[in-house]
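As a plain string of letters, each chain reads:
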Amino acid sequence: MFIFVCSALLTTGLVLIANDFLAITKGDKPATVVIEENMSVGEIADVLKDNGVIQFKWPFELFSTITKSNDRYKYGTYDLNSNMDYLELISRLKKRAQSDSTVWVTIPEGRELREIFETLEENGVATVEGLTNAMNTHEFDYAFLKDLPERENKLEGYLFPDTYEFYKNEDPVNVLDKMLKNFNNKYDEECQERAKELGMTTDEVITLASIIEREAANDDDRDTVASVFVNRLNSTEYPYLQSCATVQYVLKERKAVLSIEDTKIDSPYNTYQHKGLPVGPIASPGKASIEAALWPEETDYYFFVLGSNGQHIFSKTLAEHNQAIKDANADTSFGTGTVR
């Protein structure tokens, strides 16, 4: 009798679990459930059980584990029903909640990472804190991020400037991944092959391109500005790039004219103090600046100054450059004038 009773109970239990799993005769009971960010599968099962969507927690947790779904659930508000089987429930919860709204955000060329994070926060996409934490703790699987030197803001330069559609309160990892994926598409095979021809790493190309992006006055002089920096990188006479934009990056302020004291700041980004390229990018360059870094104009220029008309004056010698400064009057409102 004991064995019979145990067998009957076991059979009944298995039938109930099977019914919960397959939703064969569970009936029709709509439920609106809220899944919070970073909920564990156990907590999600609690919410589903409390709302009558499932009857048993552990079979749902077991099936979630078997299907490798535990870390793939999206937070948000979902309209579910008790007549859904486990597979449909898990599939629904792995998709973006239907109640989430989206927002279009434009990231202009030349924006620094801190500015990009602030823009995303202002538009309700993700917080600066959440984005910073995702950048510092998540391992993004892109070849161009491998073997980067140790530095602050490790994704600087790689969040491609573009117009994006994001969900409000988006997972910060998803936000960064979308922008990195865009960079991966834009920095195509042609760019990679050209970098190899030049003997440059991707990081060196993007670092140079970020300086070009910040220094070029307009599209017309971008390739010429690029030629000045490339010439200096290959020069023994002028091995310092002396880019005001790199010092502005250290200052976190876009001063129209740098002081002599500014140029003496001790930082691996200060190209007045350190030869060659800085330790990393100083902003997110667009495709045009990346191409300028890879295919610069061929010139003999080593200097440029921004004139009062908003156009750069390029010079081959220091004497010519000093005269150009006098002639141009170095209007300080443009932000790339000479050092004072």
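Predicted model, so just to flag it, every value in this text is computed and none were measured.

About the thresholds
- Residues numbered from 1 in each chain as written.
- Predicted model: local features only at pLDDT ≥ 70, side-chain atom pairs only at ≥ 80, totals over all residues.
- Heavy atoms only, no water.
- Helix = DSSP H or I, 4+ residues; strand = E, 2+ residues; numbered from the N terminus.
- Buried < 20%, exposed > 50% of the residue type's maximum accessible area, 1.4 Å probe, protein only.
- Contact = heavy atoms within 4.5 Å.
- Areas by Shrake-Rupley, 256 points an atom, 1.4 Å probe, with all protein chains shown as cover.
- Arc of directions from axis to C-beta.
- Axes fitted to C-alpha atoms, helices over the stretch in contact; angles between N-to-C directions.
- Parallel < 35°, antiparallel > 145°, perpendicular 65-115°, else oblique.
- Nonpolar A, V, L, I, M, F, W, Y, C, P; charged D, E, K, R; others polar.
- Patch = residues over 30% accessible without salt bridge, like charges linked within 9 Å, V, L, I, M, F, W, Y side chains within 5 Å.
- Salt bridge = Lys/Arg side-chain N within 4 Å of Asp/Glu carboxyl O.
- Pairing = 2+ DSSP bridges.
- Polar contact = N/O pair within 3.5 Å; in protein donor to acceptor, adjacent residues only side chain to side chain.
- Left-handed = near helix turned anticlockwise from the far one by under 90°.
- pLDDT = per-residue confidence, 0-100.

Student: What should I look at first to understand the overall build of the chain in this one?
Tutor: Per the secondary structure count, the chain includes 13 helices and six strands. A total of 340 residues make up the chain; the buried ones form 45% of that total. In the chain, 64% of the contacts between residues at least 6 apart in sequence involve partners at least 24 apart. For the chain, the accessible area works out to roughly 17600 Å², and carbon and sulfur atoms hold 49% of it.

Student: Is there a simple way to explain the environment of P108 in this structure?
Tutor: When you line up the elements, P108 lands in the loop between β3 (102-106) and α5 (113-122). Taking C-alpha positions, P108 is 9.1 Å from F160, a pair spaced 52 residues apart along the chain.

Student: Just to check I follow, could you spell out the environment of L306 for this structure?
Tutor: Structurally, L306 is set in strand β5 (residues 303-306). Separated by 89 residues in the primary sequence, L306 and A217 place their C-alpha atoms 7.9 Å from one another.

Student: Looking at this model, I keep getting lost on helix α3 (residues 57-66). Mind explaining?
Tutor: Three- or four-residue spacings in an α-helix give side chains the same orientation, since the helix completes a turn every 3.6 residues. Every buried residue belonging to α3 is among P59, F60, F63 and S64, and all of these are buried. Projected down its long axis, α3 shows its buried positions confined to an angular sector of 135°, all on one face. Within α3, the exposed residues directed more than 90 degrees away from the buried face are W58 and I66.

Student: Can you walk me through the packing of helix α9 (residues 202-215) against helix α11 (residues 244-251) in this structure?
Tutor: Two numbers describe a pair of packed helices, the interaxial angle and the distance between the axes. Viewed as axis vectors pointing N to C, α9 and α11 meet at an angle of 95°, and their least axial separation amounts to 9 Å. For the element pair α9 / α11, the angle class is roughly perpendicular. Across from I211, R214 and E215 in α9, the residues of α11 making contact are C244, A245, T246 and Q248. Of the residues contributing to the contact of α9 with α11, the split by class is three nonpolar, two polar and two charged.

Student: Sorry, what's going on with a nonpolar patch on the surface here?
Tutor: On the surface, W58, L62 and I66 cluster together to form a nonpolar patch covering roughly 360 Å² of accessible area. Following the sequence through the fold, L62 ends up in helix α3. Of the residues examined, L62 reaches a relative accessible area of 46% and is grouped as partly exposed.

Student: Help me out: how do you make sense of the pairing of β3 in this one?
Tutor: Regular strands show a simple pattern: their side chains alternate between the two faces of the sheet. Here β3 shows one buried face, formed by V103 and V105, and one open face, formed by T102, W104 and T106. Bridge count for β3 against strand β4 (residues 163-167) is five bridges, and the pairing is antiparallel. Bridge pairing links T102 to Y167 in β4.

Student: Looking at this structure, I do not really get the side chain of R232. What am I missing?
Tutor: In this fold, R232 is placed in helix α10 (residues 222-233). A distance of 2.8 Å separates the side chain of R232 from the backbone oxygen of Y302, its partner in a polar contact.

Student: Sorry if this is basic, but what is going on with the packing of helix α6 (residues 128-137) against helix α7 (residues 172-186) here?
Tutor: Contact pair α6 / α7: the axes reach a minimum separation of 8 Å and the direction vectors enclose 70°. Judged by the angle between their axes, α6 and α7 are roughly perpendicular. Considering the relative orientation of α6 and α7, their crossing is right-handed. Of the residues in α7, those in contact with G130, L131, A134 and M135 of α6 are P172, V173, V175 and L176. Grouping the amino acids of the contact of α6 with α7 by side-chain chemistry returns seven nonpolar, one polar and no charged.

Student: I'm lost on the confidence of the model for the chain in this one. Help?
Tutor: Low pLDDT marks regions whose predicted coordinates should not be analysed in detail. This prediction gives the chain a mean pLDDT of 87; 90% of its residues lie at or above 70. Every residue in residues 4-10 is under pLDDT 50, and counting partners more than four places away or in other chains gives zero contacts. Under a pLDDT of 50 for its full length, residues 332-336 has, in the predicted model, 16 contacts with residues more than four places off or in other chains.

Student: What's the story with the pattern of salt bridges in this structure? I'm lost.
Tutor: Opposite charge on two side chains lets them pair, provided their charged atoms get close. Per the counting criterion, the structure on display carries 15 salt bridges. One salt bridge connects E115 with R254, and the closest N-O pair in it is separated by 3.0 Å. Placement of E115 in helix α5 and of R254 in the loop between α11 and α12 (287-294) is noted, with a sequence separation of 139 residues between them. Of the residues examined, E115 reaches a relative accessible area of 18% and is grouped as buried. Its salt-bridge partner being D162, residue K186 comes within 3.7 Å of it at the nearest N-O pair. Of this pair, K186 sits in helix α7 while D162 sits in the loop between α6 and β4; the two residues are 24 residues apart in sequence, bridging distant segments of the chain. The partly exposed category is assigned to K186, whose relative accessible area is 27%.

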